[in-house]
Amino acid sequence: MTASGFLYPAIGGAMIGLASILLLALLGRVMGVSGIYSSLLAWRDGSGWRLAFILGTLAAPVLLLLSGRPMSVQIAASPPALAIAGLMVGVGAGLGSGCTSGHGVCGISRLSPRSVAATIVFMLTGFATVAVMRHLVAGG
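Residues numbered from 1 in each chain as written. Predicted model: local features only at pLDDT ≥ 70, side-chain atom pairs only at ≥ 80, totals over all residues. Heavy atoms only, no water.

Considerations on the side chain of T119
Piece 1. Tracing the sequence through the fold places T119 in helix 6 (residues 113-137).
Piece 2. When residues no more than four places from it in sequence are discounted, the contact partners of T119 are H103, G104 and I108. (Helix = DSSP H or I, 4+ residues; strand = E, 2+ residues; numbered from the N terminus. Contact = heavy atoms within 4.5 Å.)

Rendered as structure tokens:
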């Protein structure tokens with residue numbers, strides 16, 4: 001693994017942690033990204049921070065593209081498969097009362113038993129999905 005192969009994800013993880021700490025300390029809010037996105041749809045007073053958060057998440061990949069640095073991300077799934085997967089993640093976040101950032105990053109760090117349980121379910125479901133898709137559906 002190259003230095004950038006380790007360094008960039010470490011910096012990104014530290015920035016996610018810092019953002020969650022600042023959001024909790026300054027606004028008393030848990031950084032659950034799916035909740036931030038969905039609650040922005042029902043705009044109300046005080047939603048400006050949600051818009052700023054979302055613009056920040058969208059600005060990072062745009063800035064990377066504008067930097068001219070080569071990107072080696074390859075997605076093997078078709079656009080319809082990605083749309084279905086995104087819909088399933090959204091439904092799952094709704095059913096689980098939160099997403100991996102809310103439960104996994106913020107909930108576990110606050111020692112929430114519900115978030116620990118939710119994160120275990122997220123991870124096991126992800127492992128099972130990959131196993132099924134790679135070995136049963138894709139025939140690998």
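Digging into the packing of helix 2 (residues 33-41) against helix 3 (residues 48-67)
Piece 1. The interhelical angle for the contact between helix 2 and helix 3, taken along N-to-C directions, is 120 degrees, at an axis separation of 9 Å. Comparing their axes, helix 3 and helix 2 come out oblique. Note on packing geometry: the crossing formed by helix 2 with helix 3 is left-handed. Between helix 2 and helix 3, the contacting residues are V33, I36, Y37, S39 and L40 on the first element and W49, R50, L51, F53, I54, T57 and L58 on the second.
Piece 2. The residue inventory of the contact of helix 2 with helix 3, partitioned by class, reads 9 nonpolar, 2 polar and 1 charged. (Axes fitted to C-alpha atoms, helices over the stretch in contact; angles between N-to-C directions. Parallel < 35°, antiparallel > 145°, perpendicular 65-115°, else oblique. Left-handed = near helix turned anticlockwise from the far one by under 90°. Nonpolar A, V, L, I, M, F, W, Y, C, P; charged D, E, K, R; others polar.)

As for unusual backbone geometry
Piece 1. Even without glycine at this site, L111 takes up a positive phi of about 60 degrees.
Piece 2. Positionally, L111 belongs in the loop between helix 5 (100-109) and helix 6.

Examining the packing of helix 5 against helix 6
Piece 1. Across the interface, helix 5 lies against helix 6 with an axial gap of 9 Å and an inter-helix angle of 135 degrees. With respect to each other, helix 5 and helix 6 are oriented oblique. The crossing of helix 5 and helix 6 is left-handed. Contact residues: T100, H103, G104, G107 and I108 in helix 5; R114, S115, V116, A118, T119 and F122 in helix 6.
Piece 2. Within the contact of helix 5 with helix 6, the residues separate by chemical class into 4 nonpolar, 6 polar and 1 charged.

A word on the layout of surface pockets
Piece 1. Here the largest pocket is characterised by a volume of approximately 750 Å³.
Piece 2. If you go around the largest pocket, you meet 24 residues; those closest to its centre are A85, M88, V89, T125 and T129.
Piece 3. Elements supplying a minimum of two residues to the lining of the largest pocket: helix 4 (79-95) and helix 6.
Piece 4. Here the lining of the largest pocket is built from residues that sort into 15 nonpolar, 9 polar and no charged.
Piece 5. Considered as a void within the structure, the second largest pocket measures approximately 600 Å³ in volume.
Piece 6. As for the second largest pocket, its lining consists of 22 residues, and the residues nearest its centre are Y8, I11, G12, M15 and I16.
Piece 7. Elements with a minimum of two residues in the lining of the second largest pocket: helix 1 (3-27), helix 2, helix 3 and helix 5.
Piece 8. Top contributing element to the lining of the second largest pocket by residue count: helix 1, with 6 residues.
Piece 9. Grouping the amino acids of the lining of the second largest pocket by side-chain chemistry returns 15 nonpolar, 6 polar and 1 charged. (1 Å grid on protein atoms, 1.4 Å probe; cavity = no way out; pocket = protein on both sides within 12 Å on 5 of 7 lines; lining within 4 Å. Points joined across faces, edges and corners; volume = space filled by probe spheres on them.)

Details of helix 6
Piece 1. The end-to-end C-alpha distance of helix 6 is 34 Å, a good match for the 36 Å that 25 residues give at a rise of 1.5 Å each.
Piece 2. For helix 6, the complete set of buried residues consists of S115, A118 and T119.
Piece 3. For helix 6, the secondary structure elements touched by its buried residues are helix 5. (Expected span 1.5 Å × (residues − 1). Buried < 20%, exposed > 50% of the residue type's maximum accessible area, 1.4 Å probe, protein only.)

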